[in-house]
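# Structural overview for review
As a plain string of letters, each chain reads:
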Amino acid sequence: MNKEISSISELLNAAYLLTPELIPKIKSEIEKVNKKSWAYFAPFLLSYNLYPKRSLYCLEIFETFIIFQHLKNSDRERIDFVLPPILLNSKSLHFLDTLCNLISNQFNQKNIRIIWADDLDKGFLEEYFGNRISVEKTDQEYIYDINAVIEMKGSDFRDLRKSVNKIRKLNPVFKEMGSEDLNESMDLLKNWRKVQGRKNKFLLDWGYTRKALMIFSELPKEDLYSWCIRIDNKVVGFAMAGPITKNVANFFVIKTDIDVSGLSLYLRWRVLKELRSFLVVNDASDLGIKGLKQHKMKLRPCEFNTTYTLAIIA
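Everything in this summary refers to the structure shown in the same document. Source: prediction; values computed, not measured.

This part covers the overall build of the protein chain. Along the protein chain, the regular secondary structure elements total 11 helices and 12 strands. The principal-axis extents of the C-alpha atoms in the protein chain amount to approximately 65 × 40 × 35 Å. Looking at the protein chain as a whole, 54% of its 314 residues qualify as buried. Long-range pairs, those at least 24 residues apart, make up 72% of the contacts in the protein chain between residues at least 6 apart in sequence.

For the rest of this paragraph, the subject is helix α2 (residues 23–33). For α2, the complete set of buried residues consists of Ile23, Ile26, Glu29 and Ile30. Along the axis of α2, the buried residues cluster in a sector spanning 130°; they form a single face. Exposed residues lying more than 90 degrees from the buried face of α2 are Pro24 and Lys32. The elements touched by buried residues of α2 are α3 (42–48), β2 (54–61) and β3 (64–72). Positive phi appears at Asn34, one or two residues downstream of α2, with a value of about 55°.

With that out of the way, let us pick up the pattern of salt bridges. Under the counting rule described, the total for this entry stands at 21 salt bridges. In this structure, the salt-bridge partner of Lys35 is Asp121, at a minimum N-O distance of 2.9 Å. Of the two residues, Lys35 sits in the loop between α2 and α3 while Asp121 sits in helix α5 (residues 119–129), which places them 86 residues apart along the sequence. Considered together, Lys35 and Asp121 belong to a single accessibility category, that of buried residues. With a shortest N-O distance of 2.7 Å, Lys255 and Asp205 are connected by a salt bridge. Residue Lys255 is found in strand β10 (residues 248–256), and its partner Asp205 is found in the loop between α8 (182–197) and α9 (206–215); the two are separated by 50 residues along the sequence. With a relative accessible area of 5%, Lys255 lands in the buried category. In this structure Asp205 comes out as buried when scored by relative accessible area, which is 16%. By sharing partners, the salt bridges in this structure join Lys175, Glu180, Asp181, Glu184 and Arg230 into a single network.

Before going further, it helps to spend a moment on the pairing of strand β6 (residues 133–145). With 10 bridges joining them, β6 and strand β12 (residues 303–312) adopt antiparallel strand pairing. Each bridged residue has a counterpart across the sheet, and for Asp139 the counterpart in β12 is Thr307. Here β6 pairs with strand β11 (residues 280–282) via 3 bridges, running antiparallel. Following the sheet pairing, Asp145 is matched in β11 by Val280.

Bringing the environment of Gly237 into the picture now. With respect to the helices, strands and loops of the structure, Gly237 is situated in strand β9 (residues 234–243). In sequence terms Gly237 and Ser6 are 231 residues apart; their C-alpha atoms lie 48 Å from each other. The residues contacting Gly237, other than those within four sequence positions of it, are Leu188, Cys228, Ile229, Lys255, Thr256 and Leu267.

Further remarks concern the nonpolar core. Counting 47 residues, the largest nonpolar core has Ile26, Phe44, Leu45, Ile67 and Phe252 as the members making the most contacts within it. Of all hydrophobic cores here, the second largest spans 32 residues; its members include Phe157, Ile167, Ala241 and Trp269.

For the bond from Tyr51 to Pro52, the omega torsion is 5°, close enough to zero to count as cis. Note on placement: Pro52 falls in the loop between α3 and β2. Despite not being glycine, Leu287 shows a phi value in the positive range, around 60°. Structurally, Leu287 is set in the loop between β11 and α11 (290–297). Using a relative accessible area of 39% as the deciding quantity, one classes Leu287 as partly exposed. Residues other than glycine seldom take positive phi values, yet Arg300 does so here, at roughly 50°. Take Arg300: it is sitting in the loop between α11 and β12.

Regular strands have side chains that alternate between both faces of the sheet. Along strand β5 (residues 112–118), 6 of the 7 residues are buried, which leaves the element largely enclosed by surrounding structure. Where β5 meets β12, 5 bridges bridge the pair, whose relative direction is antiparallel. Note on β12: the bridge partner recorded for Ala117 is Tyr308.

So, how was this worked out
Counting restarts for each chain: residues are numbered from 1 in the order of the written sequence. For a predicted model such as this one, the threshold for reporting local features is a pLDDT of at least 70, and the threshold for listing and counting side-chain atom pairs is 80 or more; totals across whole chains, interfaces and linings nevertheless cover every residue. Calculation of side-chain values draws on the structure's entire complement of heavy atoms; hydrogens and water are dropped beforehand. Secondary structure follows DSSP: runs of H or I at least 4 residues long count as helices, runs of E at least 2 residues long count as strands, and numbering of each begins at the N terminus. For each residue, the accessible area found with a 1.4 Å probe, counting protein chains only, is set against the maximum for its type, and the residue is called buried under 20%, exposed over 50%, and partly exposed in between. Whether two residues touch is decided by their heavy atoms; if any such pair falls within 4.5 Å, the residues are in contact. Read the arc as the range of directions from the helix axis to the C-beta atoms. For salt bridges, the criterion is a side-chain nitrogen of Lys or Arg within 4 Å of an Asp or Glu carboxyl oxygen. Strands were regarded as paired on the criterion that DSSP finds at least two bridges between them. As used here, the term nonpolar core means buried Ala, Val, Leu, Ile, Met, Phe, Trp, Tyr and Cys residues forming a set that is joined through side-chain atoms within 4.5 Å.

As structure tokens, then:
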């Protein structure tokens, strides 16, 4: 599309609501820029779309590919960008600026957020917008060397080996998730939320995890890998993952019965064995939760990927 957009209604009419049919296109665009940030996982973007309250759209215009969200409740609306435009260049930055002014004027937004941006894109955006852009939040995503975790050699992986050996004694059955496992997996998620909800004020992944369970059968298996683990014929954990690019995998979802000690580490290790065709896996951030940080450090990340939430003043 190569047409100027002069209103929010024109923007929404020109864009496409994210659906499973758009996954190949999104993956293709992401592969072009060789991203490794967790949010560039196409099935996550689809699961993050909770229409009509939080609707995700993609827009292809002036050789620019943009993904934005439309938040709508009873008293107000706002639009923010989920990711920076793919690709970032002078033309796409100018168009982004035009959209920011349009959104600010029509929705009376003081700022327009870019929810996930990496170091490289942050640099381009700061250079273009100058003091009109600010950093709202910074996260450190955990990147694991898949082969190192699978082999779990040396003293650094002592805790992981203990957990793996402990769960092995319980004769776990690790299998590809099927429709017959869905109800138990959903019940596990509900119970997990009740327990974790008492510990943390917010659970950012509850909505998209539930949506992912609901739509996993609609996505090709090469885009979204799904497994569950049974002990004594009961689902005690499930996990989802898949490709961000040809070399980088996304560890998308993991939920386990917290009463089974060591199970979460075991399931992470077992999933990484299924991802051995990739070089590294992105396991997202720790959300500032001390226990989650300690847990993920046991897999000895080989690097951290920094992401930012930015705010643009139109």
